[in-house]
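Below are the chains, spelled out letter by letter.
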Amino acid sequence: METGVIIVGAGPVGLMLAGELHLGGVNVTVFDKLPAPSGESRALGFNRRAAETLDQRGLLAGLGAFRWGPMGHFGGVRFDLGMLEEDHSGVLGLSQARTEEMLAARLAELGVPVRRGVEVTAVREESDGVVVTCRGPEGPGEHRARYVVGCDGPYSTVREAAGITARQWEATRGMYTAELTGITLRPRPIGERLPGGHMVVCTPLGEGRCRIVVHDKGLSPHQDPATLTFPQIADAWQRLTGESIHHATAQWMWSCNNAAALATEYRRGRVLLAGDAAHAMPPLAAWSLSAGLQDAANLGWKLAAHLAGRAPAHLLDTYHGERHPVGEQLIRNAQAASMLYLGDADMDPLRGVLGELVAHKEAAGQLAGIVSGLGIGYDLGPGEHPLLGRRMPPQHELTRPDGTRTRIAQLLHAARGVLVTTEGADGTGGKAAQLAQDWSDRIDIVTGTWTTDPADPADPADPADTADTAGAADTADTAPQAVLIRPDGYVAWTAPGTDSDLTDVLARWFGAPSTPGTPGTPAASGAPQRTGA
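Reading the values: rules and limits
Residues numbered from 1 in each chain as written. Predicted model: local features only at pLDDT ≥ 70, side-chain atom pairs only at ≥ 80, totals over all residues. Heavy atoms only, no water. Pairing = 2+ DSSP bridges. Helix = DSSP H or I, 4+ residues; strand = E, 2+ residues; numbered from the N terminus. Axes fitted to C-alpha atoms, helices over the stretch in contact; angles between N-to-C directions. Contact = heavy atoms within 4.5 Å. Buried < 20%, exposed > 50% of the residue type's maximum accessible area, 1.4 Å probe, protein only. Salt bridge = Lys/Arg side-chain N within 4 Å of Asp/Glu carboxyl O.

Re the sheet that holds strand E17 (residues 209-215)
Part 1 of the argument: Pairing within the open sheet is antiparallel, and its five strands lie in the order E15-E16-E17-E14-E18. In this open sheet, the two strands that pair with only one neighbour each are strand E15 (188-194) and strand E18 (249-257). Taking each pair of neighbouring strands and ignoring which way they run, the sheet shows an average axis angle of 15°.
Part 2 of the argument: Most of the contacts of helix H7 (residues 317-342) go to E15, to which it runs at about 60°, and overall it touches E15, strand E16 (198-206) and E17.

Regarding the sheet that holds strand E29 (residues 491-495)
Part 1 of the argument: The strand order across the open sheet built from four strands is E26-E25-E28-E29, with neighbouring strands paired in mixed fashion. Both edges of this open sheet fall to strand E26 (443-447) and E29, since each of them pairs with a single strand only. Each adjacent strand pair in this sheet contributes to an overall mean axis angle of 10°, direction not counted.
Part 2 of the argument: Note: strand E25 (residues 417-421) against E26, five bridges, orientation parallel. Note that in E26 the partner of Leu419 across the bridge is Ile445.
Part 3 of the argument: Running over the sheet, helix H11 (residues 428-435) touches E25, E26, strand E28 (482-485) and E29 and is turned about 150° from E25.

Quick look at unusual backbone geometry
Part 1 of the argument: A cis amide bond links Ala495 with the next residue in sequence, Pro496, at an omega value of -5°.
Part 2 of the argument: For Glu207, which is not glycine, the phi torsion reads 55° and is therefore positive.
Part 3 of the argument: Mapped onto the elements, Glu207 comes out in the loop between E16 and E17.
Part 4 of the argument: When its relative accessible area of 79% is taken as the criterion, Glu207 is described as exposed.
Part 5 of the argument: Positive phi is not limited to glycine here, since Ala415 has a value of about 60°.
Part 6 of the argument: The residue Ala415 is located in the loop between helix H10 (408-411) and E25 in this model.

Observations regarding the pattern of salt bridges
Part 1 of the argument: A full pass over the atoms with the stated rule returns 28 salt bridges.
Part 2 of the argument: For Glu142, the salt bridge identified is with Arg124, shortest N-O distance 3.5 Å. On the criterion of sequence distance, the pair formed by Glu142 in strand E11 (residues 139-145) and Arg124 in strand E9 (residues 119-126) is long-range, its members being 18 residues apart.
Part 3 of the argument: When its relative accessible area of 37% is taken as the criterion, Arg124 is described as partly exposed.
Part 4 of the argument: Arg186 is the partner of Glu192 in a salt bridge, and the nearest nitrogen-oxygen pair spans 2.9 Å.
Part 5 of the argument: Glu192 gets classed as partly exposed once you look at its relative accessible area, which sits at 24%.
Part 6 of the argument: On the basis of relative accessibility, which here comes to 45%, the residue Arg186 falls in the partly exposed class.
Part 7 of the argument: By sharing partners, the salt bridges in this structure join Arg124, Glu126, Asp128, Glu142 and Arg144 into a single network.

Just distances and angles here, no functional claims.
This is the structure we're talking about:
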C-alpha cells in the first residue's frame, strides 16, 4: 500500500497529526530518530484551546487526572480568570511525557506505525511524491510518500532539506531546567524574581518530584545540553537562592536559551512543517506545545481531504495562510512576556501599569485570549456573528430529537465537518440541512435544539468529565440557528450572521458536491469556489 504521508518526529505534534490523518483515511507512518520515548517532562501542560483540541477528538480523558489553572498571568503579571464569562484556564502540572504516551497509545490502537530509531537524513521531492532517505536499525534506505510533514523540532532536518528558510532571533541568555527527586523546595510556580534580572522557578509535580528552572543572566546562551552537569545547575541555584540542592537526584536536565525562529513557509510543494519545526520559541508556559497541537488539528483534515481528491484546490494553502500569522503572534507575545517576566527592576513601572489594566475585564480578556488560545480567529468570510472564524465553544450542548444531549466536542470526534441545525421561525435550519445533503459524505448534519438548562457542572478532579458545562444556560443566546463547523472546531458559516451562501462555503472548505445518486463522488463540474482564507 502506498504511504500517503510520512511524518518525521514522534513528539506530541507528530503523534497528534498522525491520528488526524488516520481519521481522514490516510495511510501514514511516523519516523523518529530516538529508539524510545525520552520520558522527559518538558512542557508541563497546555493551554485551554489545546485542551479543547484534544477534547474534540475524545482524547482528554485518556490523560488521567490533572488540574486546571484558576489564575492567569502574562509575563508574571497576574489577572483573575474568574471575572470572564468563558473559562480560559489551562492544564497545569501535566508532564509532556504523559501527553506523548496517551497519543502513542492511541496510534497503537489505530494501527498507525511509529518507527523509532530511524533518522531521516534527506528529503527529495519528485513530480508525484517525496523520497525520504533514512538510516536505522536495518541500515540506510529510502521511503516514498505523497507528502512529508516535518514535526522534528527547531533544528528540523525536513525544513533544511526542503530549502525552507526561517527568520531567526538570536539567543541572548541561557537557562537551566531540571526535574528533581529527593528534595523538598518552596514552590515558586510562576517564578520568583530576584535582583539583577534573575529568576528561579519551582513547580511541584507530586510524588516527591519537582521541576526547577534557573534564569541566571550570567549563563551562556550557547551551552551544549550534552555538556550540562547537575553540579552546574545546583551551583547556579545556590548562587541565586542561598539554598543547596546538591543532594537531590536529577531525573533529567536541560540547558536552553531564548532563541526563536519562524519558518517563512509552512508548505513548500509536498513538504509541510508543524510545531517547533515551523515556529521555535523559548520554553514559556507550554505555548509552543499548545500551538503545535493546534497546527496538527488545522493541517490534518485539510491534507487528508486533499489526498482523497475531495478538496478544493486552494485548501492545503490555507494551512500556511491561517497558521503562519499565529506563529508570528506566538513569537511576538512570547518575547513581550519574557521581557516582563525576566526583566529587572527597570520593568517594574510597566508591570504596575499592566497590573492596573488587567483589573479591567476587557483588558484581562484580551490577555487571557492570548494565553489560552481562545482569542485565535481566522478570516472565514464576511459576516457579523461573533462566532464566525472563531472556535465553536465545545461545551455548547445540543438536545437531540430523542431527548439525548451531546456537546459540540463530542460531535467532532470523527474529525468531520458538522452542520448543526435548529428550527427557527423562518425555517432556516431545515433549509440549511437540505442544501448540505450533497456534502453528507464529508459532513455530519445534526438537528436539535440548543440546551437552555445546564447540566451538573463538571468535576475538575474527574478526567472523564472535563467539559465546562456551567455556561450551557446561555447557549441559546450565543449559538445561531444553524452553524457549519470545520473539523478543527472553527466556525465557517452561521445563520443568521454570515453573508456568504452556504453552498459556496461548503464548496470552499469541503469541495464539490457529490454527484446525485453517487455518494462520496465529486461532481465533474465543481460548485463555485472562493479562494483565500
